[in-house]
Amino acid sequence: MTILGIETSCDETAAAIIEGHGNNLWVKSSSIASSLAMHIPTGGIIPEQAAREQVKFVLPVIQETVQKADTALENIDAIAVTYGPGLIGSLLVGVETAKTISYILNKPIIPINHMVGHIYATFIGQSTIKFPLIALVVSGGHSDLLFIKKHGDFQLLGGTRDDAAGECFDKCARLLGYNYPGGPKISQLAQKGNPKAFAFPRPMIGNHDYEFSFSGLKTAFLNTTSKYFPILRKDMPDSKVGWQQVILENKLSKKEEQIVYDLSASLQQAIVDVLTRKTIRAAQQYNVKSILLCGGVAANQTLRDKFSFEIRNLKLEIGLFAPPVQLCTDNAAMIASAAYFNFNPEPWNDITADPELYF
Ligand code: KG4
Ligand code: ZN
């Protein structure tokens with residue numbers, strides 16, 4: 001079976017074609033256009049601008065992916081589309097395009113939750129995942145832990161009470177002057193840093209629930225950063241820009257540079273420790289066979305290494321799975337994969353975008 005996936009929940013416009021037989025699923029083609037560069041000057045995504053770009057991109061991106069797969073839309077068996085959560089204008093572009101294709105070509109259409117898509121990125125090219133499993137979904141907007149008994153049977157164990165893990169990376173990177181996405185930048189700086197240099201809090205690590213909270217960690221990062229670099233202090237309003245400019249223009253002394261590396265490594269370690277401890281505790285409590293690391297933050301190598309280390313260290317018989325890095329962040333192959341394993345088509349006229357959708 002071949003499925004065309006369409007994903008337009010945030011700034012990306014993505015389309016992909018996957019092919020599946022039994023438990024085996026692979027990507028035939030994948031195309032992504034992003035309007036991120038446009039949003040850099042304002043420091044955040046402007047929803048209307050993102051949606052207008054997606055209107056421009058959506059058909060060329062679908063056309064490109066169909067051509068790359070060396071096929072024609074008529075040969076596709078079904079269409080999968082993200083219907084939430086996300087930005088309403090952006091979601092509408094993908095949903096209405098998918099509905100139109102479904103109507104004109106009389107193809108089944110499967111609406112997919114973006115977060116479920118992140119989980120199913122793990123199943124692409126990976127046929128040995130065993131149920132039951134725990135999925136940690138960590139992206140820019142979510143940090144969720146789920147217990148999954150079988151395909152489609154999701155039980156949310158806990159989520160973030162405030163900032164998500166990715167958001168914490170992004171906001172702390174921003175404090176240092178770096179644009180979205182901050183996670184890859186922090187992890188690059190962290191390579192030269194000492195993760196024990198600063199004792200940042202591990203919020204809620206000892207709680208016996210599966211909730212997360214990262215806003216306190218962000219505040220601790222701000223306080224420590226402003227202690228070492230007083231120019232960041234709130235009582236010097238305009239100098240914040242000045243400090244960030246200093247970093248961006250590489251005008252730091254060697255000692256200051258090392259502080260930035262150490263701050264990054266210590267921040268990353270605090271986030272990784274919380275995510276690892278809570279997920280492994282859930283995996284033990286629910287007696288699962290697999291742990292899946294999903295979402296943009298799952299691209300983080302320190303996070304992956306820490307999980308492997310802990311599973312070995314505790315001698316757990318649990319398989320660890322994470323998608324290849326390019327499938328961790330937003331893409332359309334994951335949406336098609338979710339539809340393949342949860343093949344529940346709906347009449348096109350019943351499908352509407354739902355920006356607030358959750359598990
Ligand atoms: O899943 P995703 O592409 O978009 C959302 O659905 O939010 O996730 C984006 C998030 C951003 O917060 C970004 O900073 C983070 O994933 N991210 C990383 C890494 N690569 C992306 N965080 C830590 N380390 C990385 N290597
Ligand atoms: Zn995402």
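Residues numbered from 1 in each chain as written. Chains lettered and ligands numbered in written order. Predicted model: local features only at pLDDT ≥ 70, side-chain atom pairs only at ≥ 80, totals over all residues. Heavy atoms only, no water.

Caption draft 1: Region of the structure containing the confidence of the model for the chain. Mean pLDDT over the chain stands at 92; residues scoring 70 or higher make up 94%. Scored below 50 in pLDDT, residues 232–237 makes 10 contacts in the model with residues more than four places away or belonging to other chains. (pLDDT = per-residue confidence, 0-100. Contact = heavy atoms within 4.5 Å.)

Caption draft 2: Main features of the site of ligand 1. In the neighbourhood of ligand 1, 20 residues make up the surrounding shell, with His118, Gly140, Asp170, Gly183 and Asn300 lying closest. The contact in question runs from an oxygen atom of ligand 1 to an N or O atom on the backbone of Gly183, over 2.9 Å. For ligand 1, whose free accessible area comes to 550 Å², the fraction covered by protein is 90%. Counting only elements with at least two residues in the shell around ligand 1, the list comes to helix H4 (114–121), helix H5 (165–175) and helix H6 (182–190). Looking at side-chain class alone, the shell around ligand 1 contains 7 nonpolar, 11 polar and 2 charged residues. (Near = heavy atom within 4 Å. Polar contact = N/O pair within 3.5 Å; in protein donor to acceptor, adjacent residues only side chain to side chain. Areas by Shrake-Rupley, 256 points an atom, 1.4 Å probe, with all protein chains shown as cover. Helix = DSSP H or I, 4+ residues; strand = E, 2+ residues; numbered from the N terminus. Nonpolar A, V, L, I, M, F, W, Y, C, P; charged D, E, K, R; others polar.)

Caption draft 3: Up close: the packing of aromatic side chains. Following the criterion strictly, the structure yields 11 aromatic pairs and no others. When the centroid spacing of 6.1 Å and the interplanar angle of 25° are considered together, the rings of Phe198 and Phe200 count as stacked. For the pair shown, Phe198 and Phe200 are each scored as buried. On the basis of an interplanar angle of 85° and a centroid distance of 5.0 Å, the ring pair of Tyr340 and Phe341 is categorised as edge-to-face. (Phe/Tyr/Trp six-rings, centres within 6.5 Å; stacked < 30°, edge-to-face > 60°. Buried < 20%, exposed > 50% of the residue type's maximum accessible area, 1.4 Å probe, protein only.)

Caption draft 4: Summary view of the nonpolar core. With 51 residues, the main nonpolar core has Phe200, Phe214, Leu267, Ile271 and Leu275 as its most contacted residues. Those elements giving two or more residues to this core turn out to be strand E6 (133–138), strand E7 (143–148), H5, H6, helix H7 (215–228), helix H9 (254–285), strand E9 (290–294) and helix H10 (301–313). If you tally residues by element for this core, the top one is H9, at 13 residues. In this structure, Phe214 is in contact with Ser143, Asp162, Asp163, Ala164, Ala165, Cys168, Ile271, Val274 and Leu275, ignoring residues within four places of it in sequence. (Core = buried A, V, L, I, M, F, W, Y, C linked by side-chain atoms within 4.5 Å.)

Caption draft 5: Structural view of the packing of H5 against H9. The interhelical angle for the contact between H5 and H9, taken along N-to-C directions, is 175°, at an axis separation of 11 Å. The angle between H5 and H9 falls in the class roughly antiparallel. Residues Ala165, Cys168, Phe169 and Cys172 of H5 pack against Leu267, Gln268, Ile271 and Leu275 of H9. (Axes fitted to C-alpha atoms, helices over the stretch in contact; angles between N-to-C directions. Parallel < 35°, antiparallel > 145°, perpendicular 65-115°, else oblique.)

Caption draft 6: Summary view of the pairing of E7. Of all 6 residues in E7, 6 are buried, a share of seventy percent or more. The alternating pattern of E7 places Ser143, Leu145 and Phe147 and Asp144, Leu146 and Ile148 on opposite faces, both of which are buried. Inspection of the sheet shows E6 paired to E7 by 6 bridges, in the antiparallel sense. Bridge pairing in E7 places Leu133 opposite Ile148. Connecting E6 to the next strand, E7, in antiparallel fashion are 4 residues. Where E7 lies against strand E8 (residues 154–158), 4 bridges are found, and the strand directions are antiparallel. (Pairing = 2+ DSSP bridges.)

Caption draft 7: How the structure looks around a nonpolar patch on the surface. Where nonpolar side chains cluster on the molecular surface, the patch consists of Tyr103, Ile104 and Trp348 and spans about 360 Å² of accessible area. Among the secondary structure elements, Trp348 is positioned in the segment after helix H12 (333–341). The exposure class of Trp348 is partly exposed, given its relative accessible area of 34%. (Patch = residues over 30% accessible without salt bridge, like charges linked within 9 Å, V, L, I, M, F, W, Y side chains within 5 Å. Salt bridge = Lys/Arg side-chain N within 4 Å of Asp/Glu carboxyl O.)

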